[in-house]
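Topology and contacts: notes
The primary structure of each chain is shown beneath.
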Amino acid sequence: MPDLPEAPVNREPDVADLVQSFLTREDGYERNHCMHPQQLDASTHQVEIDGAVNTSLRLSVEDLKNDFEQHTVVCALQCAGNRRHTMRTNLKEVSGIDWFDGAVMNCKWTGPRLRDVLQRAGISLGSSDQEQAHVAFACYATPCQEDMWYGASISLTRAMREDMEVILALKMNDQPLSIPRGSPVRVITPGIAGARAVKWLDKITVQMQECQNHYMQYDYKVLPEEAVDAEAAKKFWHKVPPVQEMPVNSVVAVPNNEATVQRDTDGTITVQGYALPYGDDGPITRVDVSGDGGTSWKEAELIHHEGDSKYSWKLWKAPIAMQAGSGQAVLSKATDSAGNTQPDEPKWNLRGVCYNGLCTSQPPPLVNMVSRVDQIRIVT
Ligand SMILES: Nc1nc2c(c(=O)[nH]1)N[C@H]1C(S)=C(S)[C@@H](COP(=O)(O)O)O[C@H]1N2
Ligand SMILES: [Mo]
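Residues numbered from 1 in each chain as written. Chains lettered and ligands numbered in written order. Predicted model: local features only at pLDDT ≥ 70, side-chain atom pairs only at ≥ 80, totals over all residues. Heavy atoms only, no water.

The subject of this paragraph is the overall build of the protein. A count of helices and strands for the protein gives eight helices and 20 strands. Relative to its length of 380 residues, the protein is compact, with a C-alpha radius of gyration of 21 Å against a globular reference of 21 Å. Counting only C-alpha atoms, the protein reaches 70 × 50 × 45 Å along its principal axes. Within the protein, the fraction of its 380 residues that count as buried is 57%. Contacts spanning at least 24 positions in sequence make up 73% of the contacts within the protein whose residues lie at least 6 apart. Within the structure as shown, the protein displays about 15,900 Å² of accessible surface, and the carbon and sulfur contribution to it stands at 47%. Across the protein, 36 positive and 50 negative side-chain charges occur, with their mean positions spaced 1 Å apart. (Helix = DSSP H or I, 4+ residues; strand = E, 2+ residues; numbered from the N terminus. Rg over C-alpha atoms; globule rule 2.2 N^0.38 Å. Buried < 20%, exposed > 50% of the residue type's maximum accessible area, 1.4 Å probe, protein only. Contact = heavy atoms within 4.5 Å. Areas by Shrake-Rupley, 256 points an atom, 1.4 Å probe, with all protein chains shown as cover. Lys, Arg positive; Asp, Glu negative; His and termini not counted. Charge placed at Lys NZ, Arg CZ, Asp CG, Glu CD.)

Quick look at the structure:
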């Protein structure tokens, strides 16, 4: 496998900072399995569209900008490994970067719809094949740690559904993409794992099989609990589907772990966080918070932001009554418009992906204790 000159950039912001703005700035989390490509020239770059299409296309960035209606979507982009640290600490060791709760961002993305581009090429499959087909995305710009290229695929159905808003993004928050964000063009797939949002996009292929890239076939899968190590995982990779939709989730971002918080005169503290719906089941309709270990819950205020969509996160806040003293915890649980809510106790999986709950090794969890900040000292 390729030996990269240095370690790729992987970073996440402090989650208390992250929830201070509805739209995440350029300094949000970054996940790379490869070095940033330095050579891409937006003026000569082309995206090739091939496979089961009537006419193969090569589109420049100008073509993508000028020949298609530009669509804007505000959505969350989340690494499937977000919150892995909690799974590792509460359940059992997992393999993967030690992401805390900040491997997610919420941005405004603009570019042509993937469906419009595919319609221009024309899908050359009969309707029953179309239901089974995939759209694969590839980036050959730089080699990755586990493969010579980066790739992912989604179903053709998702790509063609207007309401799923899959776009080839040329802009983030009204600015041309930066190199770390995938300049000059990246895929944005609202509601599904960030791993499918291929940056530095070179090629789009309509095909009958899933993308065969390492990161689609041997990573980003929720393996069964029997897959306890790399050896035991071998027989499961081919049987388990790649992660697509991300689960309903929420995080308490303020106060931070180990913070010292001054109570208000009424005995409350203000807590803040974010919440994410399951896949296409947004928006978030409810977040409940608890300051007494799950005995009592209070509904948080969901903060409305201009331009939010069912694919964007919801920021929330709530004043909650807390006892004074150290070692206290705050819990949150979110529910989306389809009624999906966070589980009491998500199952462990080897790669620590799709973590959306809390399972404590101390006394068993009470009802739906799903996001938790610990060791807070409340002073009066
Ligand atoms: N070409 C390429 N695209 C990629 C990746 C990569 O390593 N190479 N990482 C993926 C993963 S795993 C995630 S979570 C998102 C992260 O996007 P960001 O770095 O803009 O936050 O990009 C995805 N697209
Ligand atoms: Mo990721």
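It is worth spelling out the sheet that holds strand β6 (residues 150-155) at this point. Each strand in a sheet pairs with its neighbour through backbone hydrogen bonds, running either in the same direction (parallel) or in the opposite one (antiparallel). Strand order in the open sheet formed by five strands is β2-β1-β11-β5-β6, with mixed pairing between adjacent strands. Edge positions in the open sheet fall to β2 (57-60) and β6, since each of these has one partner strand only. Put simply, the sheet's adjacent strands are angled 20° from each other on average, direction ignored. Across five bridges, the pairing between strand β5 (residues 134-139) and strand β11 (residues 203-207) is antiparallel. Bridge pairing in β11 places Phe137 opposite Ile204. In the packing of helix α4 (residues 114-121) onto the sheet, the strands contacted are β1 (46-51), β2, β5, β6 and β11, and the crossing angle to β2 comes to about 135°. (Pairing = 2+ DSSP bridges. Axes fitted to C-alpha atoms, helices over the stretch in contact; angles between N-to-C directions.)

The immediate surroundings of ligand 1 are formed by 20 residues, with His33, Arg181, Arg186, Lys199 and Tyr220 found nearest. Measuring from a nitrogen atom of ligand 1, one finds a backbone N or O atom of Ala197 at 2.9 Å. The protein chains hide 100% of the 530 Å² of surface that ligand 1 would expose on its own. (Near = heavy atom within 4 Å. Polar contact = N/O pair within 3.5 Å; in protein donor to acceptor, adjacent residues only side chain to side chain.)

Moving on, we get to the pairing of strand β4 (residues 104-112). By the criterion of burial, β4 is predominantly enclosed, with eight of the nine residues buried. In the sheet, strand β3 (residues 70-78) pairs with β4 via nine bridges, with the strands oriented antiparallel. By the bridge assignment, Leu77 is partnered in β4 with Met105. When β4 meets strand β8 (residues 171-172), the two strands line up antiparallel, connected through two bridges. Looking across to β8, one finds that Trp109 is bridged to Met172.

What follows is about the domain arrangement of the protein. Many structure descriptions define interface size as the accessible area lost when the parts assemble. Structurally, the protein comprises domain 1 (15-233) and domain 2 (249-379). Averaged C-alpha coordinates put domain 1 and domain 2 at centres separated by 28 Å. Each partner contributes residues to the interface: domain 1 has 48 residues there, and domain 2 has 40 residues. For the pair domain 1 and domain 2, the summed buried area comes to about 3,700 Å², and 60% of that belongs to carbon and sulfur atoms. Viewed at the interface, domain 2 and domain 1 are joined by two salt bridges. The partner of Arg351 in a salt bridge is Asp219, and the shortest N-O contact between them spans 2.7 Å. Remark: the boundary between domain 1 and domain 2 carries 17 residue pairs in polar contact (both at pLDDT 80 or more). Element by element, the count of residues in the side of domain 1 that touches domain 2 is highest for β3, at five residues. (Domains from an automatic or database assignment. Buried area = accessible area lost by both parts, 1.4 Å probe. Salt bridge = Lys/Arg side-chain N within 4 Å of Asp/Glu carboxyl O.)

Further remarks concern the side chain of Thr189. As for its position among the elements, Thr189 is in the loop between β10 (186-188) and β11. When its relative accessible area of 5% is taken as the criterion, Thr189 is described as buried. Other than its neighbours up to four places away in sequence, Thr189 contacts Ile154, Val166, Arg196 and Ala197.

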